[in-house]
Amino acid sequence: SKIKQVEFVGSSVRPKDCPKDERPEFAMLGRSNVGKSSLINTLVRKKEVALTSKKPGKTQLINHFLVNKSWYLVDLPGYGFANAPESARMDWSSFTKGYFLNRETLVAVLLLVDASVPPQKIDLDCANWLGRNNIAMTLVFTKCDKMKGGKGKRPDENIKSFQELISRNYKIHPPWIMTSSSTGLGRDDLLLHMSQLRNY
Ligand code: GDP
């Protein structure tokens, strides 16, 4: 499950512009600021890879990274910019939805969820939408190194609440992994998990 080589292949504005070579792919999705670029950099151990546009209002793109010339890691636009309330809904784009529903080579969505904050409605909605549409997902909890003092909940408590909510409300029980880009926690687990899903 080692990453030996990563190549940025290109950005697609529409799902139909994505690579057509049928290699398996994993799409990374999450609220903006969830730690997606950090996690991509941690996975590929290369600082300059995740050069995705982060400013709201810029053209949103589907970015394909080819790993070991055999599978794709796909960086999708973050949802729910705090200063763009109209995007804070699951119609954050028909564009991303179109990608999920039509991309036959998609092995699983890696739904990134910030473990340093309590469950957020937009993330729960996203998990629900993916579940209802039978799209395979893995919950990738980020920032698990962040210990909150005072009244804040600890990452493990936030993770447990998130899982209880989706299991109770939507009857979905996706696999999950705890990660931290600061400490490298979960990096190898996530790579192994993806290799198992590819070979399944
Ligand atoms: P993106 O918008 O999802 O691509 O998020 P970024 O990767 O840019 O991260 C957003 C913020 O969270 C930055 O300030 C990062 O330094 C911080 N961050 C990302 N990952 C971690 C993590 O694992 N632990 C901690 N403590 N902070 C993180």
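Fair warning: this is a prediction, and the values are worked out from it, not measured in the lab.

### Details of the environment of Trp71
Within the secondary structure, Trp71 sits in strand β4 (residues 71-75). Along the primary structure Trp71 and Arg103 are separated by 32 residues, whereas in three dimensions their C-alpha atoms are 14 Å apart. In contact with Trp71, other than residues within four places in its own chain, are Arg23, Pro24, Glu25 and Arg198.

### Some words on helix α4 (residues 155-170)
For α4, built from 16 residues, the straight-helix expectation of 22 Å at 1.5 Å per residue is met to within 8% by its first-to-last C-alpha distance of 22 Å. Inspection of α4 places Pro155, Asn158, Phe162 and Ile166 among the buried residues, and these make up the whole buried set. Seen end-on, α4 carries its buried residues on one side only, within an arc spanning 65°. Across from the buried face of α4, at angles greater than 90 degrees, the exposed residues are Asp156, Glu164, Ser167 and Arg168. Of the surrounding secondary structure, the elements contacted by the buried residues of α4 are β5 (106-114), α3 (121-132) and β6 (137-142). One or two residues past the end of α4 sits Lys171, with phi positive at roughly 60°.

### Description of the site of the ligand
The full set close to the ligand counts 17 residues, and Gly35, Lys36, Ser37, Ser38 and Ser181 are the nearest of them. If you tally residues by element for the shell around the ligand, the top one is helix α1 (residues 36-44), at three residues. Residue composition of the shell around the ligand, by class: one nonpolar, eleven polar and five charged.

Rules and cut-offs
- Residues numbered from 1 in each chain as written.
- Predicted model: local features only at pLDDT ≥ 70, side-chain atom pairs only at ≥ 80, totals over all residues.
- Helix = DSSP H or I, 4+ residues; strand = E, 2+ residues; numbered from the N terminus.
- Contact = placed C-beta atoms within 7 Å.
- Expected span 1.5 Å × (residues − 1).
- Buried ≥ 20, exposed ≤ 12 C-beta atoms within 10 Å, placed from the backbone.
- Arc of directions from axis to C-beta.
- Near = placed C-beta within 6 Å.
- Nonpolar A, V, L, I, M, F, W, Y, C, P; charged D, E, K, R; others polar.

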